[in-house]
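# Commentary on secondary and tertiary structure
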Amino acid sequence: MSRTLRRYVVPRAWRHRITSSSCSHRRFSMSPSTTKAQQGEDLMAWTPLHIKEEELLLSHTLPIGQTFRWVETQQDFYTGIIGSRAYQLEQLDDSLRYRVIARGKACEDDSVDREEDLQELKDYFQLDLKLADFISHWSSCDERFKAVKDYYPGARLLRQDPVECLFSFICSSNNNIKRIHGMVNSLCRLYGSELELVDDAHESQQGEKLFMFPTLEQLSNASEETLRANGFGYRAKFITGSVKALNEKEEGGHQWLMSLRDVPYKEAATELMTLPGIGPKVAACICLFSLDKYEAIPVDTHVWQLVTTHYRTDLKKKTLTPRLMDVVENTLIDKFGPHAGWAHNILFLAELADLKKRLPEKLQTPPKRKPAKGESSPKKKAKKKIKMEAKSEVKSEVKTEVKREGE
């Protein structure tokens, strides 16, 4: 998957603020138990989340290719699903705010727990980790990081549910963010449970339905034929194959995935790669975005260019292979330590076509040179060289054999 950001995020000073009455601040008080009669109004109440954009900037976190469940409906205004809750998030000048606009059946009882709503967000955005402390340390370790960090504040890693993360990244194979969004939403629409919007939320959603990500039990109803008919292509067999393999786990597929949070990174990645459709890069994504493996580095073309340009120029003329993926990963781990995946996430933003434009030209990684018209790419040149060498060896052997026969 190419994690290419679809839009350039304009400077905050230029941003238009949402002023509609539906987005106005509301003060509210919560009793220990809120009745269902009160639930409609309370669900749409805004709650401030007091966190600076240096610690969390939504535009540097949600649309960059680590999750595919969020939609930016207006500038700095996102709607998405975490577990069995539908949230709306708005970035403000000095903090952000959120509200829950729907809940699944697991949340529907006679009381609404505001603390659980908040805790879900804190866990998802891993707000117990202070990004500023890491950035200070990484800046002291690396000049490249120190030079670009201020251009990409608040870029956090998410802690997603492993089932959702796994099947999302199976969909990412040879794909782009827009199509992955479509596939993940199709999985939810076809097999997930629908969330019931509160009355006030219907207008803002304009009739669009929201769905939870399907459980493994629900995904067991998926057939390769149906998935192919809905545009999943060859990934359909990987989805149904992985569902089957996970359901065969003695402790259950979800519990097996959760248990991988407690084993070392490489062991978790190796286990994941026993499932259909999961190679080294997808395994690294799942480990980094859902299994607490903060040192994991998903090596794609952006990361390869980053490392070969700024850290390992000796690899520049080589072709990326699984062995070199390990070399790239270890290079960044040696540089940034056990949270290298977090550091790489910030450096990664500086490699995206839309976001690298905000860097001074001298800091921008030069674009990969395309072969001139009629000129072969390095990969084609290498293949041609091997072919010519093979032909040369054959000719040499023939000449030797003819000479021997003449003698």
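For the structure itself, look to the data block above.
Reference entry: report on the structure contained in this document. (Residues numbered from 1 in each chain as written. Predicted model: local features only at pLDDT ≥ 70, side-chain atom pairs only at ≥ 80, totals over all residues. Heavy atoms only, no water.)

### Things to note about unusual backbone geometry
- Here the phi dihedral of Asp-76 falls at roughly 65 degrees; this positive angle occurs in a residue that is not glycine.
- Secondary-structure assignment places Asp-76 in the loop between strand S2 (70-74) and strand S3 (77-82).
- Even without glycine at this site, Asn-174 takes up a positive phi of about 50 degrees.
- Here Asn-174 is to be found in the loop between helix H5 (162-170) and helix H6 (177-191). (Helix = DSSP H or I, 4+ residues; strand = E, 2+ residues; numbered from the N terminus.)

### What to know about the pattern of salt bridges
- By the definition in use, this model includes 16 salt bridges.
- In this structure, the salt-bridge partner of Arg-156 is Glu-55, at a minimum N-O distance of 3.1 Å. Here Arg-156 is found in the loop between helix H4 (143-148) and H5, whereas its partner Glu-55 is found in the loop between strand S1 (47-49) and S2, with 101 residues between them in sequence. Of the two residues, Arg-156 and Glu-55, both sit in the buried class.
- Here Asp-326 and Lys-266 are joined by a salt bridge, their closest N and O atoms 3.5 Å apart. (Salt bridge = Lys/Arg side-chain N within 4 Å of Asp/Glu carboxyl O. Buried < 20%, exposed > 50% of the residue type's maximum accessible area, 1.4 Å probe, protein only.)

### Looking at the packing of aromatic side chains
- Per the counting criterion, the structure on display carries twelve aromatic pairs.
- Centre to centre, the rings of Tyr-124 and Phe-125 are 5.3 Å apart; their planes meet at 85 degrees, and the pair counts as edge-to-face.
- On the basis of relative accessible area, Phe-125 is assigned to the buried category, the value being 1%.
- For the pair Phe-134 and Trp-342, a centre-to-centre distance of 6.4 Å together with 40 degrees between the ring planes defines the contact as tilted. Taken together, the residues span a long stretch of sequence, with Phe-134 in helix H3 (residues 131-141) and Trp-342 in helix H16 (residues 340-349) at a distance of 208 residues. (Phe/Tyr/Trp six-rings, centres within 6.5 Å; stacked < 30°, edge-to-face > 60°.)

### What about the nonpolar core?
- Core analysis: the largest hydrophobic core is formed by 84 residues, its most contacted members being Trp-138, Leu-166, Phe-167, Leu-187, Leu-272, Ile-278 and Phe-336.
- If one sorts the elements of this core by residue count, helix H13 (residues 280-290) sits on top with eight residues.
- With residues near it in sequence (within four places) discarded, Leu-166 still touches Leu-257, Leu-272, Leu-275, Ile-278 and Ile-286.
- Residues Ile-51, Leu-89, Val-100 and Leu-158 belong to the second largest nonpolar core, which totals 18 residues. (Core = buried A, V, L, I, M, F, W, Y, C linked by side-chain atoms within 4.5 Å. Contact = heavy atoms within 4.5 Å.)

### Digging into H3
- Listing the buried residues of H3 in full gives Leu-131, Phe-134, Ile-135, Trp-138 and Ser-139. Projected onto a plane normal to the axis of H3, the buried residues spread over an arc of 135 degrees and lie on a single side. Pointing more than 90 degrees away from the buried face of H3 are the exposed residues Ser-136 and Ser-140.
- On its buried face, H3 sits against H4, helix H15 (322-336) and H16. (Arc of directions from axis to C-beta.)

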